[in-house]
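Chain residues, written in single-letter form:
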Amino acid sequence: MNNLFNVFEKSLTAVAVWTSHISLRGFVVILGFSLALFLPNSQGLEKFDLAALSWSSYLFSSPSSTSDIAVVTIPQEEITTWQSDIHASGKLAALLSNILNSSDSKVGILLNQPVNTGAGLADDLIATVAQGQLNKGYLKQAKTLLDQKFILMDLLNNDRVVIGVKQFIFAGQKPLLVKKTEASVIPQILRSALGGLCLSCITQELGVFVARTKLEQKTAIQSHPPYKQAIFFTSQGDSYSGFLVQMLRVLEGVNNNSNLVWNRRHGLTVGELDLPLSSRGAFIPLHGLTDRMAPIINTISLSEALARSAFPGVLIIASDQNDDAMNMAVALYSARNHAAIITPWWAGLFLICLFILVTSYLAFLVTRFSGKLMISVTALIALSSLLVQIILLTLKNIWLPLSLPLAWLFIGHFLVVVWRIKKCRVRSLVERADNICISQAKQFIDREELKSAFSQLEDCSVRDPMLQTLYDISEAYTEKKDYRQAIEVLNSIQGKRKSFKDTEQKLQVLATMLKSMEEDSVSEALQKTVVMSSEEPPKKVLGRYELDHEIGRGAMGRVYLGFDPRIARRVAVKTLTYDSFSGKGMDEIKSRFFREAEAAGRLNHPSIVSVFDVGEEGDMAFIAMDFAEGKALNNFVSPENLLPVFEVYRIIFDVATALEYAHENNIVHRDVKPGNIIYNPSPYQVKVTDFGIARLLDDSKTSTGEILGSPLYMAPEQLKGNKVNRSADIFSLGVTFYQLLAGCLPYEGDNLAALTYEIIHGKHRSVRSVRNDLPASAARITNQALQKNTEDRYETAAEMAMVLKKAIKRDFSSDAKKVGFI
């Protein structure tokens, strides 16, 4: 017993835990879809549907004339006597004889019990006479009773008379001729799910089965107001006509049942009369909805009917206690005047779809609207549904019971509003707690306690401010060049929201930076060793700049990280020792050095390293310039350590923009290459270095017949010694772009002579033949930038930048939007 209780307790706990993870949106979806499956055929709010239908009846005009239908009321005692002994039916026989002989009226008789055509009083008298127990007077009386019976049987079997018995099904009835098109309209199994058989339809199991008698009697089908059942179905699915259909058959002059055709899609055809019925075989008499719509149907008593000599065209004979007689008369009137309202076969499917649409609206759209807009949209949906219902009713006599889906719309709306109010309150508290955590995390970031800042955000809800703070932590780690921790933080962001900003792009960049840093660690250690063993250790102070340590070196000088105490700013100090040049050219070298440094100092562009100061001290000249954080792009030219393609496009675009600025100021770089471009991923920054220095060094060495610089990136005209203009920088930038994309150079040679020949005369491979995952724009841009003839290249660096920007918008629009490029 305890084990059973424990299992039960665990089950309830599991259900509770599972339920706690479902939001109201989930409950709305589950409840809405459940209602869609189980409630379309429910009669739960039928009263509201009937009230709406009654109000809708005012869209129709009321009958303008008296109907040709009357109800003849017979005392219940007379009906009971006649039904129990057909021989005692003198008044009924007289009534029928009077009606049928004096008019062309069609007569319907409604009974509660079948007519007993078997033994009666006359048969008992004849049996007694046959035994010799009664005299011949009794025999004469019996003969008279039998004559009355036969007369009544003849009257009842008249073609203008139809007898209906409530809830009795008679053996031997032939099913309706069915035009089977419903299979093409909707599958049988779906039809049962969407509509099934009407709850009020009689089946053989629910009805009272009676053996077929000599007198033809029809089933008066029990109806479910306001619906009027015209046909009924057996458990085998066969359809049979009822009293109402038989009356229409007689009224339309149809001789037999072979002219009755049933079609689930279109209804019942009675001769030339088309009676639209639902797939359940029912319709709603329009004229029975309200007193205003009710036709004038006279009521005639038995005594009056026996005395009359003229009758209306249709007579319904029934007990004065039979309430269904008047309803039957109204149904006949509506059917004959094409005033039958139906609920078609597709109504169930329509209601299911409506439930699903309402549920989807409540679950996914309502919460996105403001309060007033939410109420307006809900009201608009309700009004639109009612408008559709009115249009279908007035134009096609189609009625769709919408009370349940509309009730679900309003109840669901109320639930969502309540949930939204509570959610706003909870969200306000959560946001307040999150803001405190985020504020504390930012304080830790300011104090550079990044691990504490990261741990402070662990319990925060996933929202943009929290993700942005994590992003700021990764940026701080990146600035400290702690790429491992930066990657860890970005992975945390990706786990929470993969599409946040440019985290995916940043991860690729930082992974490349980390790999480059690890590869450089050995060479940096070696470089430090070389510096330590240098014959000329760096001076501690150069001009007013305090030198810290060497951060790089070139062919003719070294670069140090320095500090300017006047403005408390870090600078990069590039030096050039005069000992590297011959004495006779010293004055010219010094003149060119300071003139080019002065020209570079005039450049003020965010993607160009700014020159702050130039000077000389002893046998050394120096230039103090902006210290650019990051790494030179020559760290990202190997196939195993390439930057993301979008990042390369963005970098080359910024370099092209910087070159255009320099060209407009009449300065040609002449040594554009990855090593002269500093790239920092976070915060994103690109700096072009060595403006003027490359030209100076090149000119100085040209006088001695040597080529100094980077022939791998030189333009053909530059290698030929021709006049160099801005087009040479475009060629060099094209080579750089190619190498950053493909991980190799467009031109290669075993030695300098072979390389020079290839650059001047050879044809480079398309960058997409090296790397086929690149966009087509990569081949187009590099091909034009690497043209041998200067006139075939981009006319300006601005033109190349414009082409790059268009390519980014077309090929990398998603990435570009995340970083704010477009």
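For the structure, see preceding data.
Per chain, residue numbering runs from 1 following the sequence as it is written. The predicted origin of the model limits local features to residues at a pLDDT of at least 70 and limits the giving and counting of side-chain atom pairs to 80 or more, whereas totals for whole chains, interfaces and linings rest on all residues. Only hydrogens and water are set aside; all other atoms, that is, all heavy atoms of the structure, feed into the side-chain values.

### Thoughts on the packing of helix α27 (residues 776–785) against helix α28 (residues 797–811)
Here comes step 1: The axes are straight lines fitted to the C-alpha atoms, using for helices just the contacting stretch, and the angles between their N-to-C directions are given from 0 to 180°. Secondary structure elements are defined from DSSP: runs of H or I of at least 4 residues count as helices, runs of E of at least 2 residues count as strands, and each element is numbered from the N terminus. In the contact formed by α27 and α28, the axes pass within 10 Å of each other and the chain directions differ by 170°. With respect to their mutual orientation, α27 and α28 come out roughly antiparallel. Residues S777, R780, I781, Q784 and A785 of α27 form the contact with α28, whose participating residues are E799, M800, V803, L804, A807, R810 and D811.
Here comes step 2: Here the contact of α27 with α28 is built from residues that sort into six nonpolar, two polar and four charged. Here the word oblique covers every angle except those under 35 degrees (roughly parallel), over 145 (roughly antiparallel) and from 65 to 115 (roughly perpendicular). Contact between two residues is taken to exist if any of their heavy atoms lie within 4.5 Å; hydrogens are not considered. Classification used: nonpolar for Ala, Val, Leu, Ile, Met, Phe, Trp, Tyr, Cys and Pro, charged for Asp, Glu, Lys and Arg, polar for all others including Gly.

### What about the pattern of salt bridges?
Here comes step 1: When a carboxyl oxygen of Asp or Glu lies within 4 Å of a side-chain nitrogen of Lys or Arg, that pair is called a salt bridge. With the rule as written, the count across this model stands at 17 salt bridges.
Here comes step 2: The closest approach of N and O atoms between R308 and E304, which form a salt bridge, is 3.6 Å.
Here comes step 3: Note that R544 and D613 form a salt bridge whose closest N and O atoms lie 3.5 Å from each other. Taken together, the positions of R544 in the loop between β18 (541–542) and β19 (545–553) and D613 in strand β22 (residues 611–617) put the pair 69 residues apart, joining distant regions of the chain.
Here comes step 4: Burial classes follow relative accessibility: with a 1.4 Å probe on protein chains only, a residue under 20% of its type's maximum area counts as buried, one over 50% as exposed, and anything between as partly exposed. Classification of R544 as partly exposed rests on a relative accessible area of 28%.
Here comes step 5: Bridged by salt links that share partners, the residues K481, R570 and E629 form one connected network.

### Some points on the packing of aromatic side chains
Here comes step 1: To pair, rings of Phe, Tyr and Trp, with the six-membered ring standing in for Trp, must have centres within 6.5 Å; the planes then decide the type, stacked if under 30 degrees apart, edge-to-face if over 60, and tilted in the middle. Tallying each qualifying case throughout the model produces 13 aromatic pairs.
Here comes step 2: Centre to centre, the rings of W55 and Y58 are 5.9 Å apart; their planes meet at 35°, and the pair counts as tilted.
Here comes step 3: Its relative accessible area of 67% is what places W55 among the exposed residues.
Here comes step 4: Measuring from ring centre to ring centre gives 6.3 Å for W346 and F350, while their planes differ by 75°; the resulting arrangement is edge-to-face.
Here comes step 5: One aromatic cluster in this structure is built from F646, Y649, F737 and F812.
Here comes step 6: The aromatic ring of F612 is capped on one face by R569, whose charged end is 3.8 Å from the ring centroid.
Here comes step 7: It is R650 that lies over the ring of Y684; its NZ or CZ is 3.7 Å from the centre. Two thresholds decide whether a charge sits over a ring: the Lys NZ or Arg CZ must be within 6 Å of the ring centre and within 35 degrees of the ring normal.

### Concerning helix α17 (residues 464–479)
Here comes step 1: An expected span of 1.5 Å times one less than the residue number is assigned to each helix. An ideal rise of 1.5 Å per residue puts 22 Å on 16 residues; α17 measures up with 22 Å between its terminal C-alpha atoms.
Here comes step 2: Residues of α17 that are buried include every one of M466, L467, T469, L470, Y471, I473, S474, E475, A476, Y477 and T478, and no others.
Here comes step 3: In the segment just after α17, K481 is the residue with positive phi, at about 65°.

### Things to note about the environment of G762
Here comes step 1: With respect to the secondary-structure elements, G762 resides in the loop between α25 (752–761) and α26 (767–770).
Here comes step 2: Exposure remark for G762: the relative accessible area of 12% places this residue in the buried category.
Here comes step 3: In sequence terms G762 and E748 are 14 residues apart; their C-alpha atoms lie 9.8 Å from each other.
Here comes step 4: With sequence-adjacent residues up to four places away left out, G762 is seen in contact with Y747, Y757 and K788.

### Focus on the environment of S303
Here comes step 1: In this fold, S303 is placed in helix α11 (residues 302–307).
Here comes step 2: Taking the relative accessible area as the measure of exposure, S303 reaches 55% and is therefore exposed.
Here comes step 3: The spatial distance from the C-alpha of S303 to the C-alpha of T73 is 9.6 Å, given a sequence separation of 230 residues.

The values reported here are purely geometric and, on their own, carry no functional implication.
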